[in-house]
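Results of the structural survey
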Amino acid sequence: MKMENKDKLDYGIYLLDTICRGLQATLNADKIVHIVLTGLTAGASLGFSRAALFFINESGLLHKGRGIGPFDPEEAAKIWSDLTSSAATLEEMFENSHRRTLESQRFPVEIKTITCEISKLSDDNPLKKAILKNEIVVLKESERFLVPQEFHRFVKYSNEVVIAPVKISGRVSAVVLADNAFHQRKISQETLSFLSIILNQAGLALSNAFAYENTKHNLEQLRHLNEKLRQMQEDLLVCERFAAAGRISTYLAHEIRNPLATIGGFARQILEICKEKNVDPRISRNARVIVNEVRRLELVVNNLLRFSFKQPAQKESIHLRDLFDELLEVLSININDSGANLKMEVPDDIYIFADKVQLGEVIYNIIHNSHESMKPGGSIFIKAGENEKDIWIEIADTGYGIPEEILDQIFNPFFTTRSDGLGLGLNIVKTIVEENHGGKIEICSQVDVGTSVKITFPKKEEDGKENSFNRG
Amino acid sequence: MAKKILLIEDEANQRILYTETLEKHGYEVESVSNGEDGLKLLEEKTFDLVIVDIKMPKMSGLETISNILGQRKNLPVIIYTSYPQYKQDFMSWAADAYIIKSSTSLDELVSKVKELIGG
């Protein structure tokens, strides 16, 4: 060591000064412990050849030990030789880069494994006494095995053992054990005074370090909570915006629905007049275009309303074939006009217990999707059937199909691959089928081959009266 | 003798459409544009059925129905509206039927009228 030739007292003061400055310069508890242990064992002044510090938790468990020094004379010789040749200053030894060398010996490694319950020790045990009375205890050679059993293997080479408490934040929360093994020099009163000063300083430094850690942790928590709060405020704003958009779209939907009913109704009257009388076929075609386009608009409006207001199903017994005939009356002409084929196989004797309007929307949405994805000359097949438990409807097409990677997203609201769609149709279909009718929907699709949608409704005991509008 | 229907509907074009459609099916229809006029007409004349919209100026359909039921407890009433979300609210007490206006077809209205008063 560079200061080796100074006299003992000078060196002691230099050591004390260096340690205290080192302790003041850090808020890292780990480094504080390292500085204390290095300071106690460095050079000849304090005379300790080994030192260990243990923390004591609130339940009185001695644990998390850290030590510096050799386990036996052989290691002592090696460390001494290494440190002499390295010619490191005390400040350099305080730096973490030296910790690996100092703490890789057998002594520090074994110290780490030790735990000891203070409450289980007898009252005259010197370790317990030192902690309870908050005073330094020195064990002579003959007394050294009075330390708890767990420490016996370390005191084998000790001549004297010092046990010194460390008060952190007003409580003895750590204890230092140090000895003079290997060089056997007596531990002087001055050494104990220096030790007491160093440990007082260490206690203060550790109090600050823990308070700093605590504040840092609280600050981090506060930051986290603040971030959470900010996110929630943002979410709330988004929700409010959605709610406002929902109110506006609902208002618009109602305002649009009325004129649509009027336009569609009159266009249908024109169609009927055209059937009855011999009129220019273009009038009939044009009226049909109006009816179709109105129906398309009405679907958009209905989907929007259905999405905004979850309505329970008002179920009644419905003749399935009649419902299809009604829905397809105009839609089929539209499909045929676009060059596609529509084939329907719905038996005449199937009655389904469902909400007529909602079921109509389900079927119309699926057929509309099929028609939109249709290749020229393609076909749409509609089939229905029943078994003991269920009634099923299958709508298949020879359209472009749905890529596998988006198949699990198609029921998400606002998911669409089309430029003209809102992406609500299939979400509403799923809600109506599964939530409102306890049914299920399955989709199979292959790109460039087509898509098949199968909806299944559980059969109910037919009871048309259950949902009729009888006023009380 | 043709059954008489009172249509209370604030949209003039829809009054024409529904009147023509129901008349084509053999019913006699008188229409008014608001609930107040409807109630006045009910005091003066006898009807077999009332069709009423919900959203109307002056007196809402709901208020109109309450008044109708006060005067003529057993008179069949059909609510015919663009508002699907009130369907469950009116189900048990207000009317004999709740039909949602649609551009596709008036068949549901006609068949419900037939079911309630025949003809």
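Up top you'll find the structure we're talking about.
Residues numbered from 1 in each chain as written. Chains lettered and ligands numbered in written order. Predicted model: local features only at pLDDT ≥ 70, side-chain atom pairs only at ≥ 80, totals over all residues.

What to know about the overall build of chain B
This is how the line gets drawn: The way it works is that DSSP assigns letters per residue, a run of H or I at least four long becomes a helix, a run of E at least two long becomes a strand, and they are numbered from the N terminus. Any residue surrounded by 20 or more other C-beta atoms within 10 Å of its C-beta is treated as buried, while 12 or fewer makes it exposed and the intermediate range makes it partly exposed; C-beta atoms here are placed from the backbone. C-beta atoms are first placed from the backbone for all residues, and any pair lying within 7 Å is then listed as a contact.
The helix and strand tally for chain B stands at five helices and five strands. The N-to-C order of helical and strand elements in chain B reads β-α-β-α-β-α-β-α-β-α. Expressed as a percentage of its 119 residues, the buried residues of chain B come to 42%. The long-range fraction of contacts in chain B, counting pairs at least 24 apart against all pairs at least 6 apart in sequence, stands at 57%.

Details of the sheet that holds strand β8 (residues 341–345) of chain A
Residue and element names in this part refer to chain A. To be explicit about the condition: Two strands are said to pair when DSSP picks up at least two bridges between them. The axes are straight lines fitted to the C-alpha atoms, using for helices just the contacting stretch, and the angles between their N-to-C directions are given from 0 to 180°.
Taken in spatial order, the five strands of this open sheet run β8-β10-β11-β13-β12, and their pairing is mixed. Because the sheet does not close on itself, it has two edges, and the strands there are β8 and β12 (440–446). Put simply, the sheet's adjacent strands are angled 10 degrees from each other on average, direction ignored. Relative to strand β13 (residues 450–458), β12 is paired through seven bridges, and the arrangement is antiparallel. Residue pairing for β13: cysteine 444 is matched across the bridge by serine 452. Against the sheet, helix α11 (residues 356–372) makes contact with β10 (379–386), β11 (390–397) and β13, and its axis sits at roughly 20 degrees relative to β11, the strand it touches most. Taken strand by strand, helix α12 (residues 425–436) contacts β12 and β13, and its axis lies near 140 degrees from that of β12.

Focus on the packing of helix α9 (residues 281–308) of chain A against α11 of chain A
Residue and element names in this part refer to chain A. Heads up, the rule is: For classification purposes, an angle smaller than 35 degrees is called roughly parallel, one larger than 145 roughly antiparallel, one from 65 to 115 roughly perpendicular, and anything else oblique. Should the near helix be turned anticlockwise from the far one by less than a right angle, the crossing is termed left-handed; should it be turned clockwise, right-handed.
The contact between α9 and α11 brings their axes to 11 Å, and the two run at 125 degrees. Comparing the axis directions of α9 and α11 gives the class oblique. The interaxial crossing formed by α9 with α11 has left-handed handedness. Here Leu299, Asn302 and Arg306 of α9 come into contact with α11, specifically with Glu361, Tyr364, Asn365 and His368.

Quick notes on the nonpolar core
Quick reminder of the rule: Among buried residues, those of type Ala, Val, Leu, Ile, Met, Phe, Trp, Tyr and Cys that are joined through C-beta atoms within 7 Å form a set called a nonpolar core.
Counting residues in each nonpolar core, the largest one holds 54 residues, and the members touching the most others are Ile32, Val36, Ile163, Val175, Val176 and Ala202 of chain A. The greatest single-element share of this core, amounting to eight residues, is contributed by helix α8 (residues 189–276) of chain A. Ignoring any residue separated from it by four or fewer positions in sequence, one finds alanine 202 of chain A in contact with Leu23, Ile32, Val36 and Val166 of chain A. Counting residues in hydrophobic clusters, the runner-up holds 37 residues, among them Phe266 of chain A together with Leu22, Ala95 and Ile99 of chain B.

Focus on the packing of α8 of chain A against α9 of chain A
All names here are of chain A. Heads up, the rule is: In the scheme used here, Gly and all other residues not listed as nonpolar or charged are polar, with Ala, Val, Leu, Ile, Met, Phe, Trp, Tyr, Cys and Pro taken as nonpolar and Asp, Glu, Lys and Arg as charged.
Taken N-terminus to C-terminus, the directions of α8 and α9 make an angle of 155 degrees; their axes are 8 Å apart at the nearest point. Judged on the interaxial angle alone, α9 and α8 are roughly antiparallel. Crossing hand, α8 versus α9: left-handed. Residues that form the contact of α8 with α9 fall into these classes: 17 nonpolar, six polar and five charged.

Details of the interface of chain A and chain B
Opposite the 23 residues of chain A that make contact, chain B presents 25 residues. Among the secondary structure elements, those contributing two or more residues to the side of chain A that touches chain B are α8 and α9 of chain A. With ten residues, α8 of chain A is the largest single contributor of residues to the side of chain A that touches chain B. Residues of the side of chain A that touches chain B, tallied by class, amount to ten nonpolar, eight polar and five charged.

Points about the sheet that holds strand β5 (residues 161–168) of chain A
All names here are of chain A. Sheet architecture is open: six strands sit in the order β3-β2-β1-β6-β5-β4, paired in antiparallel fashion. Each edge of the open sheet is held by one strand with a lone partner, namely β3 (116–117) and β4 (137–139). Pairing between strand β1 (residues 50–56) and strand β6 (residues 171–179): six bridges, direction antiparallel. What sits directly across from phenylalanine 55, in β6, is alanine 174. Where helix α2 (residues 29–41) meets the sheet, its contacts fall on β1, β2 (61–68) and β6, and the angle it forms with β1 comes to roughly 150 degrees. Each of β1, β4, β5 and β6 is contacted by helix α7 (residues 126–133), which is oriented at about 30 degrees to β5, the strand it contacts most.

Topic: helix α3 (residues 61–71) of chain B
Residue and element names in this part refer to chain B. Here is the rule: Starting at the helix axis, one direction is taken to each C-beta atom, and the arc is that of these directions.
Buried within α3 we find Gly61, Thr64, Ile65 and Ile68. Mapping the buried residues of α3 onto a view down its axis gives an arc of 100 degrees, with all of them on the same face. On its buried side, α3 packs onto β1 (4–8), α2 (35–44), β3 (49–52) and β4 (77–81).

Brief notes about unusual backbone geometry
All names here are of chain A. If you check the backbone angles, asparagine 134 has positive phi at about 55 degrees while not being a glycine. Tracing the backbone through its elements, the reader meets asparagine 134 in the loop between α7 and β4. We note that aspartate 448 has phi near 70 degrees; this positive angle belongs to a residue other than glycine. Its place among the elements puts aspartate 448 in the loop between β12 and β13.

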